[in-house]
Amino acid sequence: MKTQGFAFRNATYGMSRSHVRTLADLEALSAAAADALLALVTNVLDKQERFTLALAGGSTPRRLYQLLAGAYRDRLPWHRLHLFWGDERFVPPEHPESNFGMVRNALLQHVPLPPGQIHPFPTDTPSPEAAADAYEATLRDLLGTSGQTFDLTLLGLGSDGHTASLFPENEPYPPDSARWAAAVTAPPSYAVQSRLTLTLPALNASRHIFFLVAGREKREALHAVLDGTDSSLPAAHVRAGDTLTWFVDEAALGKR
Ligand code: 6PG
């Protein structure tokens, strides 16, 4: 694992301390993120009873989830973990585009997580708006009134700079939103446009955030966010209450 000598590295963004960890490829990135997640869970659970984790969708985190279900399965205290989702496509769990379905196949089917500790966005409501309202109520009920949302939130980065389902074209990611969950419409180029997402305030109320970014197609968006050169990118507005760590592979970071 190389740590890129970035001006950004160990920069202080708002309240969060941020740094970039550069790994050779997706496999090494996933293993580094799994190690860091295990260390964080262990540290946090020394001081509190449960650990709340918001999961990223898409394809990049799948290998991490497979590692957590495999080599790391017996090292994590599943009975003390509560899982949430950063975003969801408004499709049934069996749909190939479902983020819940991806996590169920890669992780949930293989670990002893109590079902009552798995909190996906509902996608069986009459409308996406009703699903967002239901998830808002779930989050408020389960995460209390401390103002913090999750102990750790995992996020990906789209080549257009989106994260979760907060797209540059979207209205519902104004930083002053009082909501934690919203129904949004992804741009026409996306297979499923009807989406549910955590809002920027919900993401930014996370104590720790891991971004997982792999592949050459992410390079331009990654540099624009790390260098702070494009404030139109939703990912550029993400902050963590404590630490924000970028796990990137060399294909995404490129040779400086
Ligand atoms: C989603 C994700 C989304 C994802 C990025 C990167 O539902 O699609 O939450 O924000 O993290 O689009 O996707 P890949 O990991 O597939 O490149």
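For the structure, check the block above.
Residues numbered from 1 in each chain as written. Predicted model: local features only at pLDDT ≥ 70, side-chain atom pairs only at ≥ 80, totals over all residues. Heavy atoms only, no water.

Q: I keep staring at unusual backbone geometry and nothing clicks. Help me out?
A: Note: most peptide bonds trans; most residues except glycine with negative phi. In this model, Ala164 sits at a positive phi of 50 degrees, which is unusual for a non-glycine residue. With respect to the helices and strands, the residue Ala164 is situated in the loop between strand 7 (152-155) and strand 8 (181-185). (Helix = DSSP H or I, 4+ residues; strand = E, 2+ residues; numbered from the N terminus.)

Q: Just to check I follow, could you spell out the packing of helix 2 (residues 62-69) against helix 3 (residues 99-106) for this structure?
A: When two helices pack together, their arrangement is given by the angle between their axes and by how far apart the axes lie. Contact pair helix 2 / helix 3: the axes reach a minimum separation of 8 Å and the direction vectors enclose 35 degrees. Contacts from Arg62, Tyr65, Gln66 and Ala69 in helix 2 reach Met102, Val103 and Ala106 in helix 3. Residue composition of the contact of helix 2 with helix 3, by class: five nonpolar, one polar and one charged. (Axes fitted to C-alpha atoms, helices over the stretch in contact; angles between N-to-C directions. Contact = heavy atoms within 4.5 Å. Nonpolar A, V, L, I, M, F, W, Y, C, P; charged D, E, K, R; others polar.)

Q: Explanation requested: the side chain of Arg89 in the structure shown.
A: If you trace the backbone, Arg89 turns up in strand 5 (residues 87-89). Its relative accessible area of 12% is what places Arg89 among the buried residues. Of note is the side chain of Arg89, whose polar atom sits 3.5 Å from the side chain of Asn99. When neighbours within four sequence positions are excluded, Arg89 is seen to be in contact with Gly58, Glu97, Asn99, Thr123, Val192, Ser194 and Arg195. (Buried < 20%, exposed > 50% of the residue type's maximum accessible area, 1.4 Å probe, protein only. Polar contact = N/O pair within 3.5 Å; in protein donor to acceptor, adjacent residues only side chain to side chain.)

Q: Can you walk me through the sheet that holds strand 5 in this structure?
A: The pairing of strands in a sheet happens through backbone hydrogen bonds and is either parallel or antiparallel. One open sheet holds the three strands; their spatial order is 5-9-8, and the pairing between them is antiparallel. Strands with a single pairing partner mark the edges of an open sheet, and in this sheet they are strand 5 and strand 8. For this sheet the average axis-to-axis angle between neighbouring strands, irrespective of direction, equals 20 degrees. Here strand 5 runs beside strand 9 (residues 194-198); their pairing, made up of three bridges, is antiparallel. By the bridge assignment for strand 9, Arg89 is matched with Arg195. On the sheet, helix 4 (residues 128-143) packs against strand 8 and strand 9 and is oriented at approximately 155 degrees with respect to strand 8. (Pairing = 2+ DSSP bridges.)

Q: I keep staring at the packing of aromatic side chains and nothing clicks. Help me out?
A: Each pair of aromatic rings is reported with the distance of its centres and the angle of its planes. Evaluated as defined, the whole model comprises six aromatic pairs. Centre to centre, the rings of Phe84 and Phe150 are 5.2 Å apart; their planes meet at 55 degrees, and the pair counts as tilted. Of the two residues, Phe84 is situated in strand 4 (residues 81-85) and Phe150 in the loop between helix 4 and strand 7; the sequence distance between them amounts to 66 residues. Each member of the pair, Phe84 together with Phe150, is buried. Here Arg140 stacks its cationic end above the ring of Trp180, 3.7 Å away from the centre of that ring. (Phe/Tyr/Trp six-rings, centres within 6.5 Å; stacked < 30°, edge-to-face > 60°. Lys NZ or Arg CZ within 6 Å of the ring centre and 35° of its normal.)

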